[in-house]
Amino acid sequence: MDVRGDFPLLTDPTLAFLDSAASSQKPEAVIAAMDDMLRSGYANVHRGAYRLSAEATDAYEAARSKVAAFIGARDRREVIFTRGTTSSLNVLAARWGADRLGPGDRIVLTVMEHHANLVPWQQAAQRSGAELVFAPLDHDYQLDITALRELIDDRTRIVSLTGMSNVLGSMPPVAEVAQMARRVGATTIVDGAQLVPHAPVDVEALGIDFLAFSGHKMLGPTGIGVLWGRLPLLEEMEPFETGGEMIDEVRLYDSTWAPVPHKFEAGTPPIVEAVGLAAAVDYLTDLGMHRVRAHDMELTAYALDRLAELPDVTVYGPRNVERRGGTVSLTMGDIHPHDLSTILDEHGVAVRAGHHCARPLMEHLGVPATARASFSVYSTRGDIDRLAEGLEHAGRLFGL
């Protein structure tokens, strides 16, 4: 996929950017759309009875429609703009969870969850007296479906899981999990921060109830994300934030709420960011998400083969690229991942080092941290070759 020229920062031939799971680079189309909005189209939305405000409102709501189509939502009103995945999951834990959980109820997660899909549910469990239980992984770093089936019982109210692990790349069978949850009347929530940027997503086909994802991981700007939910559930759920814009009527002692989606978008929304996200959606749609997924798989297979040639390198994650995304976490001998990242940076290779906001998973893997290389549409085999060369140099430095 030859798109590297579309990304201004990547015109630097000395840079192999392999930290897209943390945040992706931005194509010129996204930068230009936001710049144009700021220069010639900016006004507050939904409030002004003048042309510029009406046009800004149209652009903002057009972004909602594009996101809805991108994820297969039936109704554009099901798309709520938030600050990001973390914000979306906190809304669900604090509102959906708070109103439906009680002592003896069960919240089912997995051991590979990002902190954003763990800590909010810890808080919800502590407030409600509900029980947190965790599905383990199998021998190939995949979700253990047999164990999960035993955990989802009549006490289960919420099943919340990643669509793609930000550490392992593992891709749970979300549709199968949603079917298990539906049999017992539980709600299925998916952390799609890594899934949505890298694979075709159809929320109706998956059969889930809520989906959270971020703009900045899918070639868009920071400061905007999405909470998708089925319309009847969103209409049932109380707002998380209150104030301007999300109201219908306000009296001195009580208020009523605006219809969905505005009920959940208090205050001035991320207008320019929504325009940028819409441009990112257009860019990915033009590429084709099936091509994006195929590119991820091809690069991941190449990376796994190249890394297998290196002594002392341990890769964590499934071997089967059809069941994983373009994220490769590794350790190398007794070199600390932070030292490894520093050495790679000296070779122009940008990777992430640490626990990747998944400390319980690190404990499960028996390591304090990993170095993580992660890909996007602009990543190339050349980037992976430079990663391998940098690792070889690190091995020589440390006498491996």
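Going by the structure above, here's the rest.
Computed from a predicted model, the values in this text were never measured in an experiment. (Residues numbered from 1 in each chain as written. Predicted model: local features only at pLDDT ≥ 70, side-chain atom pairs only at ≥ 80, totals over all residues. Heavy atoms only, no water.)

> Any chance you could explain the environment of alanine 373 here in plain terms?
If you trace the backbone, alanine 373 turns up in strand β15 (residues 370-374). Residue alanine 373 is classed as buried on the basis of its relative accessible area of 2%. Sequence separation between alanine 373 and valine 328 is 45 residues; the distance between their C-alpha atoms is 5.2 Å. The residues contacting alanine 373, other than those within four sequence positions of it, are Leu18, Gly326, Thr327, Val328, Val351 and Leu387. (Helix = DSSP H or I, 4+ residues; strand = E, 2+ residues; numbered from the N terminus. Buried < 20%, exposed > 50% of the residue type's maximum accessible area, 1.4 Å probe, protein only. Contact = heavy atoms within 4.5 Å.)

> Is there a simple way to explain helix α9 (residues 271-287) in this structure?
Three or four residues apart is the spacing at which side chains of an α-helix point the same way, because the helix has 3.6 residues per turn. Between its first and last C-alpha atoms α9 spans 25 Å; for 17 residues at 1.5 Å apiece the expected length is 24 Å, and the two agree. For α9, a buried count of 13 out of 17 residues is recorded, marking the element as mostly surrounded by other parts of the structure. Glycine 288, located one to two residues past α9, shows a positive phi value of around 95°. (Expected span 1.5 Å × (residues − 1).)

> I'm lost on the nonpolar core in this one. Help?
If you look at soluble globular proteins, the nonpolar side chains tend to sit buried side by side. Residues Phe81, Leu148, Leu211 and Val377 are the most contacted members of the largest nonpolar core, which totals 80 residues. With 12 residues, the top contributor of residues to this core is α9. When near neighbours in sequence (up to four residues on either side) are disregarded, phenylalanine 81 contacts Tyr60, Ala63, Arg64, Val67, Ile224, Gly225, Val226, Glu265, Ala274 and Leu277. By size, the runner-up hydrophobic cluster in this structure holds 27 residues, among which are Leu304, Leu307, Leu310 and Val321. (Core = buried A, V, L, I, M, F, W, Y, C linked by side-chain atoms within 4.5 Å.)

> Is there a simple way to think about the sheet that holds strand β4 (residues 131-135) in this case?
Think of a sheet as strands paired side by side through backbone hydrogen bonds, with each pair either parallel or antiparallel. The strand order across the open sheet built from seven strands is β2-β8-β7-β6-β5-β3-β4, with neighbouring strands paired in mixed fashion. The open sheet has two edge strands, β2 (79-82) and β4, and neither has a second partner. Strand-to-strand, the axes of this sheet are offset by a mean angle of 20°, without reference to chain direction. Sheet topology places strand β5 (residues 156-162) next to strand β6 (residues 187-191); five bridges connect them, and they run parallel. The residue of β6 that forms the bridge with valine 159 is threonine 188. Of the strands in this sheet, β2, β7 (210-214) and β8 (225-229) touch helix α2 (residues 51-70), which is tilted by about 115° from β2. (Pairing = 2+ DSSP bridges. Axes fitted to C-alpha atoms, helices over the stretch in contact; angles between N-to-C directions.)

> Quick question: what am I supposed to make of a nonpolar patch on the surface here?
Taken together, the side chains of Leu397, Phe398 and Leu400 make up a nonpolar region of the molecular surface, amounting to roughly 280 Å² of accessible area. Here leucine 397 is to be found in helix α13 (residues 381-397). Leucine 397 gets classed as exposed once you look at its relative accessible area, which sits at 52%. (Patch = residues over 30% accessible without salt bridge, like charges linked within 9 Å, V, L, I, M, F, W, Y side chains within 5 Å. Areas by Shrake-Rupley, 256 points an atom, 1.4 Å probe, with all protein chains shown as cover. Salt bridge = Lys/Arg side-chain N within 4 Å of Asp/Glu carboxyl O.)

> Where do I start with the environment of phenylalanine 81 in this structure?
Checked against the element boundaries, phenylalanine 81 lands in strand β2. Put simply, phenylalanine 81 and threonine 300 are 219 residues apart on the chain and 31 Å apart in space, counted from C-alpha to C-alpha.

> What exactly am I supposed to notice about the pattern of salt bridges here?
Any two side chains of opposite charge can pair, so long as their charged atoms come close to each other. According to the stated counting rule, one finds 27 salt bridges in the structure shown. A salt bridge links lysine 66 to aspartate 282; the nearest nitrogen and oxygen atoms lie 2.7 Å apart. Here aspartate 282 lies in helix α9 and lysine 66 lies in helix α2, a separation of 216 residues in the sequence. What makes aspartate 282 partly exposed here is its relative accessible area of 30%.

> For this particular structure, what's the right way to read the pairing of β7?
Within a regular beta strand, the side chains point alternately toward one face of the sheet and then the other, so they alternate between its two faces. Across the five residues that make up β7, a large majority, five, are buried. Side chains Phe210, Ala212 and Ser214 of β7 all project onto a buried face; the interleaved residues Leu211 and Phe213 project onto the opposite face, where all are buried too. With three bridges joining them, β6 and β7 adopt parallel strand pairing. Note on β7: the bridge partner recorded for aspartate 191 is alanine 212. Taken together, the five bridges between β7 and β8 define a ladder with antiparallel strand orientation. When the sheet's bridge partners are listed, alanine 212 is paired in β8 with leucine 227.

> What am I meant to see in the pairing of strand β9 (residues 247-250) here?
For β9 and strand β10 (residues 255-257), the ladder comprises three bridges, and the chain directions are antiparallel. Paired with isoleucine 247 across the two strands is tryptophan 257, which belongs to β10. The turn joining β9 and β10, which pair antiparallel and follow one another in sequence, is formed by four residues.

> Even after reading the chapter, I still don't get the packing of α2 against α9, so can you show me in this structure?
For any two helices packed against each other, the geometry comes down to the angle between their axes and how far apart the axes lie. Two elements in contact, α2 and α9, have axes separated by 9 Å at closest approach and are oriented at 35°. As α2 packs across α9, the resulting crossing turns out to be left-handed. Taking contact as the criterion, the partners of Ala59, Tyr60, Ala63, Lys66, Val67 and Phe70 in α2 are, on α9, Ile271, Ala274, Val275, Leu277, Ala278, Val281, Asp282, Leu284 and Thr285. (Left-handed = near helix turned anticlockwise from the far one by under 90°.)

> Explanation requested: unusual backbone geometry in the structure shown.
For residues other than glycine, phi is negative in most cases, and the peptide bonds are mostly trans. Between valine 260 and proline 261 the backbone carries a cis peptide bond, its omega angle lying at 10°. Relative to the assigned elements, proline 261 resides in the loop between β10 and α9. Although it is not a glycine, tyrosine 141 sits at a positive phi angle of roughly 65°. Secondary-structure assignment places tyrosine 141 in the loop between β4 and α5 (145-151).

> Can you walk me through helix α6 (residues 174-183) in this structure?
Among all positions in α6, only Val174, Val177, Ala178, Met180 and Ala181 are buried. Mapping the buried residues of α6 onto a view down its axis gives an arc of 160°, with all of them on the same face. Elements in contact with the buried residues of α6: α5, β5, β6 and α7 (203-206). Glycine 185 sits one or two residues past α6 and shows a positive phi near 75°. (Arc of directions from axis to C-beta.)

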